[in-house]
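Each chain, written out:
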Amino acid sequence: MRKILLLCLMVLSTSVIQAQDTADKMPIESKTFEGTIYYKTKISGNGIDYKQAERQAKKQYILKYGKGFIRYEENDQEGIYTLYDLRTGEALRINTNNQTYAQLKEGAGTFMDMDSTYLKDINRVDTLMNYHCDRFKSTTKKGRYEVSNLYWVTPELQINPTVYNQIDQRLVNYQHEDKLRNRGIMLKTISRYKLKGKTAYSTRLYADKIDETPVSPEQFIHPEELGYTERRKLK
């Protein structure tokens, strides 16, 4: 179950790219998003732990976007959060309960990792949470499972493009760069885990609430400025 949730979070934190031909057909007004998005997850299928799935359904993932920062929280981990500095590429796991913090070894670049995701525009446009979304699909391998993914991405909400390019230069050299453009924020994903062509179970991650109220800059203060003690790096 832990691996399932980690994959959900990986997909949650992946800002994807809108296809060039879709953008040409329907120009979309976009803006740099500074606010909060609340996500929830559902897991269903054979062989899952239904008690844990029920607990998961009550869980909330919270992403707060600021000027050059993203703060990630989970509602059942009070006082603990991850701060991504998109200007420096630094990622910090912060514990306000004991006033400590630790750097994540792979940094903030993992927040937008595109290495294992190959997106194809399947010419589907939907509206989620009153935002225009383009739908994409990809297929990957996770252990013995073939994972079929669908993504709904809104180009109307953007991460600051300047800091985005600074944090992950791999996107500049992405093999389909000539065909893709316009990063956006994902509002929903469905992943189906298949064995021998049959779906064993599926996960659904979706935006439950979007608050466009600007987040207070105090939410993104470096823990060193707060006098917190640094611990050894985390994986």
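Just so it is clear, the structure is predicted and the values come from calculations on it, not from any experiment.

Participant: Just give me the short version of the overall build of the chain, but keep the residues and values in it.
Facilitator: Broken down by element type, the chain carries four helices and 16 strands. Residues counted as buried form 49% of the 235 residues belonging to the chain. Carbon and sulfur atoms make up 45% of the accessible area of the chain, which amounts to about 12800 Å² in all.

Participant: For the confidence of the model for the chain, give the residues involved together with the corresponding values.
Facilitator: In the predicted model, the chain carries a mean pLDDT of 76, and the fraction of residues at 70 or more is 70%. Looking at the elements of the chain, mean pLDDT is at its lowest for strand β1 (residues 17-19), recorded as 38, and at its highest for strand β16 (residues 229-230), recorded as 96. Note on residues 1-26: pLDDT is under 50 here. Beyond four places in sequence and across chains, it has 79 contacts. Between residues 112-116, whose pLDDT stays under 50, and residues either more than four places distant or in other chains, the model counts 19 contacts.

Participant: Can you tell me about the pairing of strand β3 (residues 36-45), naming the residues and giving the values?
Facilitator: Walk down a regular strand and you will see the side chains alternate between the two sheet faces. Of the strand pairs in this sheet, β3 and strand β4 (residues 61-65) are connected by four bridges, and their pairing is antiparallel. Each residue of the ladder has a partner; that of Tyr-38, found in β4, is Ile-62. When β3 meets strand β15 (residues 198-211), the two strands line up antiparallel, connected through ten bridges. Directly across from Gly-45, in β15, lies its bridge partner Tyr-201.

Participant: Lay out the pairing of strand β5 (residues 69-74) in plain terms, naming residues and giving numbers.
Facilitator: Most of β5 is tucked away, with six of its six residues classed as buried. With five bridges joining them, β4 and β5 adopt antiparallel strand pairing. Among the inter-strand pairings, Tyr-65 is bridged to a residue of β5, identified as Ile-70. Turn length for the β4-β5 hairpin, with the two strands adjacent in sequence and antiparallel, is three residues, and the turn residue Gly-68 shows positive phi of about 90°. Two strands pair when backbone bridges link them, and β5 and strand β6 (residues 80-85) are joined in this way by five bridges, in the antiparallel orientation. Its bridge partner lying in β6, Arg-71 is registered against Leu-83. Joining the antiparallel neighbours β5 and β6 is a turn of five residues, in which Gly-79 adopts a positive phi near 85°.

Participant: Describe the nonpolar core, and please don't skip the residues or the numbers.
Facilitator: Counting 28 residues, the largest nonpolar core has Phe-33, Ile-37, Tyr-39, Tyr-65, Ile-70, Ile-185 and Leu-187 as the members making the most contacts within it. For this core, the secondary structure elements donating two or more residues are β3, β4, β5, β10 (131-142), β11 (145-154), β14 (185-195) and β15. With near-sequence residues (within four places) excluded, Ile-185 lies in contact with Phe-33, Ile-37, Tyr-39, Tyr-65, Trp-152, Val-153, Thr-154, Leu-157, Gln-158 and Ile-159. Grouped together as the second largest cluster of nonpolar side chains are nine residues, Phe-69, Tyr-81, Ile-94 and Tyr-101 included.

Calculation rules
- Residues numbered from 1 in each chain as written.
- Predicted model: local features only at pLDDT ≥ 70, side-chain atom pairs only at ≥ 80, totals over all residues.
- Heavy atoms only, no water.
- Helix = DSSP H or I, 4+ residues; strand = E, 2+ residues; numbered from the N terminus.
- Buried < 20%, exposed > 50% of the residue type's maximum accessible area, 1.4 Å probe, protein only.
- Areas by Shrake-Rupley, 256 points an atom, 1.4 Å probe, with all protein chains shown as cover.
- pLDDT = per-residue confidence, 0-100.
- Contact = heavy atoms within 4.5 Å.
- Pairing = 2+ DSSP bridges.
- Core = buried A, V, L, I, M, F, W, Y, C linked by side-chain atoms within 4.5 Å.

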